[in-house]
Amino acid sequence: RKEVEQDPGPFNVPEGATVAFNCTYSNSASQSFFWYRQDCRKEPKLLMSVYSSGNEDGRFTAQLNRASQYISLLIRDSKLSDSATYLCVVEDLTGNQFYFGTGTSLTVIP
Amino acid sequence: DTAVSQTPKYLVTQMGNDKSIKCEQNLGHDTMYWYKQDSKKFLKIMFSYNNKELIINETVPNRFSPKSPDKAHLNLHINSLELGDSAVYFCASSQQNILGRESGANVLTFGAGSRLTVL
């Protein structure tokens, strides 16, 4: 069983739409959670950390449900520039290991 | 002021050759990593070093040998290259600070990647 599971998509949405990505993780002892964004032929870059209480950064909202071992990312009012692959990342208890999901591909269409 | 820099960015070579990829970080981080991203875009950890000490060595052929001369550098040497080694190799670093840190404080920062093509 993979440490982190994501729906690979692709998600094709019109500009202005709201889109949600989900991710599950297998190790209940995992301690930190993140969403990264990867553009084509570029490195992954941190989009946002995910806190237990949930957190928002502009049009982006991240939620964590430890009981269900589930992380989500909501993007409101999608822009063309949001087109990318979104990677769910989980850090283990040791702090030495980050596990990546396979990524969810998003294309925002004009 | 690149935080994590790796060279070369592109590497095209023949099967059987030996090649190296270098990585340096100027963030003062204690931990450095090598990840491999294959054609299916899955990012997989290969190695992790903390203060020059190997702490993670995933199931990687022993043709791959990491070397960390100091905590700011982690190089990757690959012997006897094979077709299946073609991928993008990403170096990354993080600052591990367990005591009193909040969730999400240990952020992983990537280099721009080294695209290896084995012919």
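Residues numbered from 1 in each chain as written. Chains lettered and ligands numbered in written order. Predicted model: local features only at pLDDT ≥ 70, side-chain atom pairs only at ≥ 80, totals over all residues. Heavy atoms only, no water.

Asks: Quick one: what's the story with the sheet that holds strand β7 (residues 64-70) of chain B, residue by residue and with numbers?
Replies: Residues and elements named next belong to chain B. One open sheet accounts for four strands, arranged β1-β3-β8-β7; its pairing is antiparallel. Edge strands, defined here as strands with exactly one partner in the open sheet, are β1 (4-7) and β7. Averaged over all neighbouring strand pairs, the angle between strand axes comes to 15°, with direction disregarded. Two strands pair when backbone bridges link them, and β1 and strand β3 (residues 19-25) are joined in this way by four bridges, in the antiparallel orientation. Within the sheet, the bridge partner assigned to Val-4 lies in β3 and is Gln-25. (Pairing = 2+ DSSP bridges. Helix = DSSP H or I, 4+ residues; strand = E, 2+ residues; numbered from the N terminus. Axes fitted to C-alpha atoms, helices over the stretch in contact; angles between N-to-C directions.)

Asks: A description of the state of the cysteines should follow, citing residues and the corresponding values.
Replies: A full pass over the atoms with the stated rule returns two disulfides over all chains. Covalently, Cys23(A) is tied to Cys88(A) through a disulfide, its sulfur atoms 1.9 Å apart. Taking the sign of the torsion about the S-S bond as the criterion, the disulfide between Cys23(A) and Cys88(A), at about -75°, is left-handed. Within this pair, whereas Cys23(A) is found in strand β3 (residues 19-25), its partner Cys88(A) is found in strand β9 (residues 84-91), the two being separated by 65 residues in sequence. You'll find Cys23(A) and Cys88(A) in the same group, each marked buried. Between the sulfur atoms of Cys23(B) and its disulfide mate Cys91(B) the distance is 1.8 Å. Its S-S torsion of approximately -80° makes the covalent link between Cys23(B) and Cys91(B) left-handed. Here Cys23(B) is found in strand β3, whereas its partner Cys91(B) is found in strand β9 (residues 87-94), with 68 residues between them in sequence. For Cys91(B), a relative accessible area of 0% puts it in the buried group. (Disulfide = S-S within 2.5 Å. Buried < 20%, exposed > 50% of the residue type's maximum accessible area, 1.4 Å probe, protein only.)

Keep in mind that these numbers describe shape and distance, not what the molecule does.
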